[in-house]
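Coordinate inspection notes
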Amino acid sequence: MGDAMKILLLSDSHGNIRDMMSATEKYGRNADIIVHCGDGTRGEAMQLMQSCPDKTVVCVRGNCDFGSMLRYTEYLNVFDKKIMITHGHLFDVKFGLEKLSYKAEEENCDLVFFGHTHIPTDVRLGNVRMINPGSSGKYNPTCATVEIDQKGNVLVNHMEI
């Protein structure tokens, strides 16, 4: 572990494995962690784990992941930052981020990575920074990188795939 941890953030690939893997190839090479925030309906989580055995891969279950054994929420600690990872549908994120931010604050999280809306997002609600990479499976596929340094600084970049 160096001075900073680099995270590639993906979500809502909806079976578009080609663009998801393209994002992994372009932006995930230097990543320490790859996160998929759900709706990887055709085994994208397994594909990520198999193709990136040298990386920590964290995936959660989305509303389209029927029969998935993944959990709906995972937590990750990076330096002094606690991160909540969820798809977002259980918190009605299409109607606002308040429920999700309240849950994250209850869990003492600093950051939330979520999907479901397909809209790249980087906002702060209360004490929680909320980051959505958009969708790696739609017409204008997007992803995000998150870099967290040992001092607690967080740098987020959204990119087109």
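Please read these numbers as outputs of a predicted model, since none were measured by experiment.

A word on the overall build of the protein chain
Along the protein chain, the regular secondary structure elements total three helices and 10 strands. Starting at the N terminus, the α and β elements of the protein chain follow one another as β-α-β-α-β-β-β-α-β-β-β-β-β. The C-alpha radius of gyration computed for the protein chain amounts to 14 Å, which stays within 12% of the reference 15 Å derived for 161 residues, consistent with globular compactness. Along the first, second and third principal axes, the C-alpha atoms of the protein chain reach 35 × 35 × 30 Å. The burial tally for the protein chain puts 53% of its 161 residues in the buried class. Partitioning the intrachain contacts of the protein chain with sequence separation of at least 6 by distance along the chain shows that 57% fall at a separation of at least 24. Carbon and sulfur atoms form 47% of the exposed surface of the protein chain, whose accessible area is close to 8,000 Å². Between the averaged position of the 17 positive side-chain charges in the protein chain and that of its 21 negative side-chain charges there is a distance of 2 Å.

Thoughts on the nonpolar core
Core analysis: the largest hydrophobic core is formed by 20 residues, its most contacted members being I7, V35, I83, I85, F113 and V146. Broken down by secondary-structure element, the contributors of at least two residues to this core are strand 1 (4-10), strand 2 (33-36), strand 4 (73-78), strand 5 (81-86), strand 6 (111-113), strand 9 (142-149) and strand 10 (154-160). Those residues in contact with I85, other than ones at most four positions away along the chain, are V35, C37, V58, V60, Y72, T73, E74, L76 and F113.

Section: unusual backbone geometry
Phi at D92 is positive, roughly 55°, even though this residue is not glycine. Among the structural elements, D92 can be located in the loop between strand 5 and helix 3 (98-106). Looking at D92, the relative accessible area reads 32%, which means it is partly exposed. Of note in the backbone geometry, H118 takes a positive phi value of approximately 65° without being a glycine. On the secondary structure map, H118 appears in the loop between strand 6 and strand 7 (121-125). When its relative accessible area of 29% is taken as the criterion, H118 is described as partly exposed.

Thoughts on the state of the cysteines
One pass over the full model with this rule turns up zero disulfides. Not engaged in a disulfide, the cysteine C37 finds its nearest cysteine sulfur in C59; these two sulfurs lie 9.0 Å apart. Since its relative accessible area comes to 0%, C37 is described here as buried. The thiol of C64 is unpaired, and the distance to the nearest cysteine sulfur, on C37, comes to 14 Å. C64 gets classed as partly exposed once you look at its relative accessible area, which sits at 25%.

Considerations on the sheet that holds strand 2
Taken in spatial order, the five strands of this open sheet run 3-2-1-9-10, and their pairing is mixed. Two strands lie at the open edges of the sheet, namely strand 3 (56-59) and strand 10, each paired on one side alone. Here the average twist between neighbouring strands, direction ignored, is 20°. Of the strands in this sheet, strand 1, strand 2 and strand 3 touch helix 2 (residues 44-51), which is tilted by about 175° from strand 3.

Re the pairing of strand 9
The two faces of a sheet get side chains in turn, since along a regular strand they alternate between them. A large share of strand 9 lies buried, amounting to six of its eight residues. As paired elements, strand 1 and strand 9 share six bridges and run antiparallel to each other. Residue pairing in the sheet places L9 in a bridge with A144 of strand 9. As paired elements, strand 9 and strand 10 share seven bridges and run antiparallel to each other. Bridge pairing in strand 10 places I148 opposite V154. Joining the antiparallel neighbours strand 9 and strand 10 is a turn of four residues, in which G152 adopts a positive phi near 95°.

What about the environment of V128?
Mapped onto the elements of the fold, V128 is located in strand 8 (residues 128-132). Linking V128 and I83, residues 45 residues apart in sequence, is a C-alpha distance of 9.5 Å. The contact partners of V128, leaving out residues within four places of it in the chain, are S101, A104, E105, C109, D110, L111, V112 and V123.

Conventions we followed
Residues numbered from 1 in each chain as written. Predicted model: local features only at pLDDT ≥ 70, side-chain atom pairs only at ≥ 80, totals over all residues. Heavy atoms only, no water. Helix = DSSP H or I, 4+ residues; strand = E, 2+ residues; numbered from the N terminus. Rg over C-alpha atoms; globule rule 2.2 N^0.38 Å. Buried < 20%, exposed > 50% of the residue type's maximum accessible area, 1.4 Å probe, protein only. Contact = heavy atoms within 4.5 Å. Areas by Shrake-Rupley, 256 points an atom, 1.4 Å probe, with all protein chains shown as cover. Lys, Arg positive; Asp, Glu negative; His and termini not counted. Charge placed at Lys NZ, Arg CZ, Asp CG, Glu CD. Core = buried A, V, L, I, M, F, W, Y, C linked by side-chain atoms within 4.5 Å. Disulfide = S-S within 2.5 Å. Pairing = 2+ DSSP bridges. Axes fitted to C-alpha atoms, helices over the stretch in contact; angles between N-to-C directions.

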